[in-house]
Amino acid sequence: MHQTQMNFDRVAMQRLTDQLAIENLAEQLSTVVDSELTDTATRLAEESATHISVEPFESGSKSGWHVTITIESPSGPLTHHLWRLEGEA
């Protein structure tokens, strides 16, 4: 029973660590200028072993970027979505 609790705690701690890593990447990408967003996302993905995709979107008269950050955690994949309006950073 004790071993099961330790395994659960270890997985939960790793999931929290991964969630914080994703939030950190999203925060970094939220401050990058539009012209450097794709290159910065590629560099951060390589450095952090995550998958980051940057897709343009349009909604009415607004356009911007939809950034998806995914990391494989022991308890399953974690995904964070960042929506940026063009010229926001």
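Residues numbered from 1 in each chain as written. Predicted model: local features only at pLDDT ≥ 70, side-chain atom pairs only at ≥ 80, totals over all residues. Heavy atoms only, no water.

Side note on the nonpolar core
So, point 1. Core analysis: the biggest nonpolar cluster contains 17 residues, and L29, L37, I52, V54, V67 and I69 have the highest contact counts within it.
So, point 2. If you list the elements that add at least two residues to this core, you get α1 (2–30), α2 (37–48), β1 (51–59), β2 (62–73) and β3 (76–85).
So, point 3. Here V54 is in contact with L37, T38, A41, W65, H66 and V67, once residues within four sequence places are set aside. (Core = buried A, V, L, I, M, F, W, Y, C linked by side-chain atoms within 4.5 Å. Buried < 20%, exposed > 50% of the residue type's maximum accessible area, 1.4 Å probe, protein only. Helix = DSSP H or I, 4+ residues; strand = E, 2+ residues; numbered from the N terminus. Contact = heavy atoms within 4.5 Å.)

Details of the side chain of H66
So, point 1. Position of H66 relative to the elements: it lies in strand β2.
So, point 2. Take H66: its relative accessible area is 15%, and that puts it in the buried class.
So, point 3. Of note is the side chain of H66, whose polar atom sits 2.8 Å from the side chain of H81.
So, point 4. Apart from the residues within four sequence positions on either side, H66 is in contact with S53, V54, E55, F57, H81, L82 and W83. (Polar contact = N/O pair within 3.5 Å; in protein donor to acceptor, adjacent residues only side chain to side chain.)

What to know about the sheet that holds β2
So, point 1. Taken in spatial order, the 3 strands of this open sheet run β1-β2-β3, and their pairing is antiparallel. Bordering the open sheet on either side are β1 and β3, each of which pairs with just one other strand. The mean angle between the axes of side-by-side strands here comes to 20°, regardless of whether they run parallel or antiparallel.
So, point 2. For β2 and β3, the ladder comprises 10 bridges, and the chain directions are antiparallel. (Pairing = 2+ DSSP bridges. Axes fitted to C-alpha atoms, helices over the stretch in contact; angles between N-to-C directions.)

Concerning the pattern of salt bridges
So, point 1. Counted by the stated rule, this structure contains 2 salt bridges.
So, point 2. We note a salt bridge from R84 to D34, for which the minimum N-O separation is 2.6 Å. With R84 in strand β3 and D34 in the loop between α1 and α2, this pair connects stretches of sequence that are 50 residues apart.
So, point 3. In this structure, E47 and R43 form a salt bridge, with 3.3 Å as the shortest nitrogen-oxygen distance. (Salt bridge = Lys/Arg side-chain N within 4 Å of Asp/Glu carboxyl O.)

Observations concerning the packing of aromatic side chains
So, point 1. With the rule as written, the count across this model stands at 1 aromatic pair.
So, point 2. A ring pair is formed by F57 and W83, whose centres lie 5.2 Å apart and whose planes are at 85°; its orientation type is edge-to-face. Of this pair, F57 sits in strand β1 while W83 sits in strand β3, placing them 26 residues apart in sequence. (Phe/Tyr/Trp six-rings, centres within 6.5 Å; stacked < 30°, edge-to-face > 60°.)

Section: the pairing of β1
So, point 1. Relative to β2, β1 is paired through 9 bridges, and the arrangement is antiparallel. The residue of β2 that forms the bridge with S59 is K62.
So, point 2. Here β1 folds back onto β2, and the loop between the two strands holds 2 residues, one of which, G60, carries a positive phi near 65°.

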